[in-house]
Every structure is written in structure tokens, then in C-alpha cells.
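Understanding the architecture of this molecule
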Amino acid sequence: ILAVTFTNKAAAEMRERVEQLVGPVRGMWIQTFHSACLRILRSEAEKLGYGNNFVVYDTVDQKALAKSIIKDLKYDEKRYSPAYVLSEISDSKEQGGSAAEYGRKCAQYDEHCEAIFEIYDRYEKQLKKNNAMDFDDLILNVVRLFAKFPEVLEKYRSKFSYIMVDEYQDTNMLQYKLLRYLAEEHRNICVVGDDDQCIYEWRGADIRNILDFENDFKDVFTVRLEQNYRSDGNILRLANSVIKNNKERKVKALWTDREDGMLV
């Protein structure tokens with residue numbers, strides 16, 4: 001079983017609950033997306049030209065590297081701040097892109113786009129030279145690994161007979177590709193999520209992943225968990241009346257057996 005979620009805290013909580021139910025979880029991977037991908041890359045990174053002892057750059061390392069490149073290329077750091085440039089690079093990687101692909105998008109000459117491309121290209125090359133990956137590379141490189149080496153994909157497909165994903169509405173395009181690779185053959189995938197709670201689009205979450213799940217896996221069985229245990233009746237009615245106006249959503253009718261409580 002591979003069970004993935006987004007934060008170390010949530011992964012620890014999942015692991016603890018499973019252990020309470022079935023005892024030790026040896027043989028199960030109950031981790032964040034990034035931890036699971038790091039674990040795969042520690043065994044397979046050499047196929048992509050890295051040493052298996054590669055380092056993972058944190059935010060401080062990334063900013064230091066970006067700042068040094070911006071300075072070397074003599075760009076104005078006020079216009080091309082490390083934080084802004086790294087945000088552009090991260091957005092590109094979350095869509096499965098590379099510096100070369102980013103550069104191709106700058107087909108019509110655009111000075112701003114060309115500058116980002118030049119920094120991005122140098123950043124990627126420097127990471128590789130340092131035998132380093134950033135946080136986004138962990139998932140991106142596993143997706144590349146699966147695309148390029150069918151035998152590696154088959155190894156992990158057969159290793160994980162069952163896949164469970166927590167907070168599926170928060171997955172981005174790259175995480176979606178990773179899950180499709182692993183689940184496409186055996187199709188034993190269970191996702192838990194709520195499209196009405198997709199609030200992380202600003203950091204790459206793609207609501208289409210959960211809205212299209214039943215098209216991606218047509219033999220899916222859907223269980224609607226519609227009872228709300230947290231909110232009073234008045235709050236729930238107000239929330240339902242607002243959110244029902246979303247243009248794209250799964251139809252659901254939340255209800256509670258709690259009292260109405262105070263008026264909102």
C-alpha cells in the first residue's frame with residue numbers, strides 16, 4: 001500500500017491511525033508525496049544522471065543559488081528578485097516543464113521571458129552540477145523516471161498494489177501524472193477529497209483532477225460523506241447556499257444533526 005498526503009503532520013497521523021488498526025506498517029509507505037518520491041530517487045537517481053547521495057536544496061539554498069545566478073548574469077535584482085524567479089521556475093516544474101520548454105514558450109521575443117529563461121537554464125544546470133535537486137524536482141524527476149524507464153515504472157507498479165490519496169483536491173498536475181503512472185494498470189486507487197475545499201490553486205492545485213476523476217477511472221465507486229459533524233445548522237445552510245453557485249462542482253447535500261445555533 002502507498003498512502004500519500006501533503007504534510008508531515010498528516011502523514012504521521014495517518015500512520016498512527018493505521019498502526020492502531022493493524023499494528024506495524026512495515027511494507028506500507030505512508031508518507032508525503034515528496035518523501036515517497038525522495039525514497040524512490042535514493043534508489044534510482046543514477047538513471048537520471050545524479051548520484052544516489054544527491055542533496056535536496058531547501059528554500060534558503062534555492063534563494064542563495066538564484067541570487068548568485070542573477071548577480072552573475074547582471075540582472076537587476078529588484079526586477080528579477082530570487083523569490084519571484086523561483087516562483088516562476090516552480091510553476092513551470094509543477095506543470096512538468098523544464099528550462100528548455102520554458103524557453104520555447106518565449107517564441108516571440110520578450111525581454112522579460114528571455115531573462116527568466118536564462119536564469120532558469122543556469123539554475124537547472126547548476127543544480128545538476130552540484131548533485132542537487134530542489135523540492136519540486138523530487139516529484140518531477142520521478143515522473144521523468146517513469147516516462148523514460150518502463151522497467152522502473154513496472155517495478156513500482158507491482159510494488160504498490162493499492163494507492164490511497166488524502167486531500168485529492170489539492171493535487172497539482174505533476175502529482176496527478178505520478179498517480180496515473182502508478183495506478184493506470186491495476187486501478188486500485190482510492191482518493192479522498194472535496195472539490196468545494198479546493199483553496200490552493202495559488203500554489204498549483206488543479207481542481208480538474210478531482211472533477212475529472214470519474215472520467216479518468218470510469219469504473220470508480222463513489223461514496224459521498226455528506227454528514228457534517230463540526231458546524232451548527234445555520235452555518236451549514238449558509239455555506240451550502242453560497243457554494244452551490246460554483247460553476248463546476250460535484251453535487252452534494254451536506255447536513256448535520258446538530259442544533260441550528262446562533263444566526264450568522
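To be clear, the structure that these remarks concern was listed above.
What you are looking at is a predicted structure, and each value in this text was computed from that prediction instead of being measured.

Cut-offs and rules
Position numbers for residues start from 1 in each chain and track the written sequence from start to end. Owing to the predicted nature of the model, reporting of local features is limited to residues with pLDDT of at least 70; listing and counting of side-chain atom pairs is limited to 80 or more, with chain, interface and lining totals taken over all residues. Excluded from the side-chain calculation are hydrogens and water; included are all heavy atoms of the structure. The buried label goes to any residue with under 20% of its type's maximum accessible area, the exposed label to any with over 50%, and the partly exposed label to all in between, with areas taken from a 1.4 Å probe on protein chains only. Strands are runs of DSSP state E lasting at least 2 residues, helices are runs of H or I lasting at least 4, and numbering of each runs from the N terminus. Two strands form a pair only when DSSP identifies at least two bridges running between them. Note on handedness: a crossover is taken as right-handed if, strands pointing away from the viewer, the path from the first strand over the helix to the second is clockwise. Note on terminology: pairs of cysteine sulfur atoms within 2.5 Å are recorded as disulfides. With a 1 Å grid spanning the protein atoms alone, the term cavity applies to any set of points in which a 1.4 Å probe fits but cannot get out, the term pocket to an open set with protein on both sides within 12 Å along at least five of seven lines, and the term lining residue to any residue with an atom within 4 Å of a point. Grid points are joined across faces, edges and corners, and a volume is the space filled by probe spheres set on the points. The residue classification treats Ala, Val, Leu, Ile, Met, Phe, Trp, Tyr, Cys and Pro as nonpolar and Asp, Glu, Lys and Arg as charged. All others, Gly included, are polar.

**Let's talk about the pairing of strand S1 (residues 2-5)**
- Burial of the side chains of S1 extends over both faces: Leu-2 and Val-4 are buried on one face and Ala-3 and Thr-5 on the other.
- Across four bridges, S1 lies against strand S2 (residues 29-32) in parallel orientation. Looking at the pairing, Ala-3 lines up with Ile-30 of S2.
- In the classification by handedness, the crossover that spans S1, the intervening helix H1 (residues 8-22) and the parallel S2 is right-handed.
- Here S1 runs beside strand S5 (residues 163-165); their pairing, made up of three bridges, is parallel. Its bridge partner being in S5, Val-4 is matched across the sheet by Val-165.

**Overview of the state of the cysteines**
- Tallied over the full model, the rule gives one disulfide.
- Across a sulfur-sulfur distance of 1.8 Å, Cys-106 and Cys-113 are joined as a disulfide pair. Taking the sign of the S-S torsion, about -65 degrees here, the bridge from Cys-106 to Cys-113 comes out left-handed.
- By relative accessible area, Cys-106 is classed as buried at 4%.
- Here Cys-37 stays free of any disulfide, with the sulfur of Cys-190 as its closest cysteine sulfur at 19 Å.
- Between Cys-198, a cysteine without a disulfide, and Cys-190, which holds the nearest cysteine sulfur, the sulfur-to-sulfur distance is 18 Å.

**Digging into unusual backbone geometry**
- The residue Asn-131 is not glycine, and still its phi comes out positive at about 50 degrees.
- Here Asn-131 is to be found in the loop between helix H6 (111-129) and strand S4 (132-134).
- Notably, Arg-187 is not glycine yet its phi reads approximately 60 degrees, a positive angle.
- Locating Arg-187 in the fold gives a position in the loop between helix H9 (173-183) and strand S6 (189-191).

**Focus on empty space enclosed by the protein**
- Counted according to the given criterion, the structure contains one cavity of 30 Å³ or more.
- In this structure, the largest cavity is lined by Leu-2, Val-4, Trp-29, Phe-33, Ala-36, Cys-37, Ile-40, Phe-160, Leu-178 and Leu-182.
- Going through the elements one at a time, S1, helix H2 (33-44) and H9 are the ones with two or more residues in the lining of the largest cavity.
- With four residues, the top contributor of residues to the lining of the largest cavity is H2.
- When its residues are assigned to classes, the lining of the largest cavity shows 10 nonpolar, no polar and no charged.

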